[in-house]
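# Structural overview for review
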Amino acid sequence: MTWTEVPVDTGPAAGAVLLSGIPGSGKSTVAAALAARFAASAHIEVDALQGLIVNGGRWPSPERDEEADRQIFLRARNACLLADSFVAAGFLPVIDDVVVRRAHLDFYRRRIAVGPLHCVVLAPGAAKAGERNLARDKTLTTDWSFLDTAMRAELAGEAIWIDNGELTVAETVDAVLAATGLPAP
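Quick notes on the rules
Residues numbered from 1 in each chain as written. Predicted model: local features only at pLDDT ≥ 70, side-chain atom pairs only at ≥ 80, totals over all residues. Heavy atoms only, no water. Core = buried A, V, L, I, M, F, W, Y, C linked by side-chain atoms within 4.5 Å. Buried < 20%, exposed > 50% of the residue type's maximum accessible area, 1.4 Å probe, protein only. Contact = heavy atoms within 4.5 Å. Helix = DSSP H or I, 4+ residues; strand = E, 2+ residues; numbered from the N terminus. Polar contact = N/O pair within 3.5 Å; in protein donor to acceptor, adjacent residues only side chain to side chain. Pairing = 2+ DSSP bridges. Axes fitted to C-alpha atoms, helices over the stretch in contact; angles between N-to-C directions.

Note on soluble globular proteins: their nonpolar side chains tend to be buried together. Core analysis: the biggest nonpolar cluster contains 44 residues, and L18, L34, I95 and Y108 have the highest contact counts within it. The residues contacting Y108, other than those within four sequence positions of it, are L18, V46, A76, A79, C80, I95, D97, V99 and L117.

Shown next, in the form of structure tokens:
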């Protein structure tokens, strides 16, 4: 048997989805379920990209930390590179990341080069996200509920907002598909 190089890029996907929200909003769960609806898709979990750093990694914190802020943009850049690669190869990428600031969202918009970027914010409210955080296996050491107010101030009118506080995962995915106009599988 001989190996030959085969083309990787088969034609672009319909774009990419950036799914944001505060911790506990359902980003990772909804992103995985959304990606599962498509025949060719990828779930890019930005926390997993941060986890690739073996030494020197700095997770975001409420205190001012320039290195952690730099790494927020590093992982966003890597998510964009992966997303562009997947789009070019015909896979719809769904990126999940906590995007609070307009500069962070604008960074994604500038860096995604292939196809449209559909920006969606899951907004169940701080109280509901807090309840979800308490019920999940992933333990947070910081209360991030204050990000809800910051996100609403910074990103008002800049993305598709979905209140998924009382929606199931499937209903939330349906709402994302309806709001983005992505071809329903």
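Once that is clear, we can look at the side chain of E158. You can see E158 is positioned in the loop between helix 6 (146-155) and strand 5 (160-162). Reaching out from E158, the side chain makes a polar contact with the side chain of R102 at a distance of 3.4 Å. Once residues within four sequence positions are removed from consideration, E158 is found in contact with R102, L105 and R109.

The five strands are arranged 2-3-1-4-5 in an open sheet whose pairing can be described as parallel. What marks the edges here is a single partner per strand, and that holds for strand 2 (41-45) and strand 5. Looking at each pair of strands side by side, their axes are set apart by 20° on average, direction ignored. When strand 1 (residues 16-20) meets strand 4 (residues 117-122), the two strands line up parallel, connected through five bridges. For L19, the partnering residue across the bridge sits in strand 4 and is V120.

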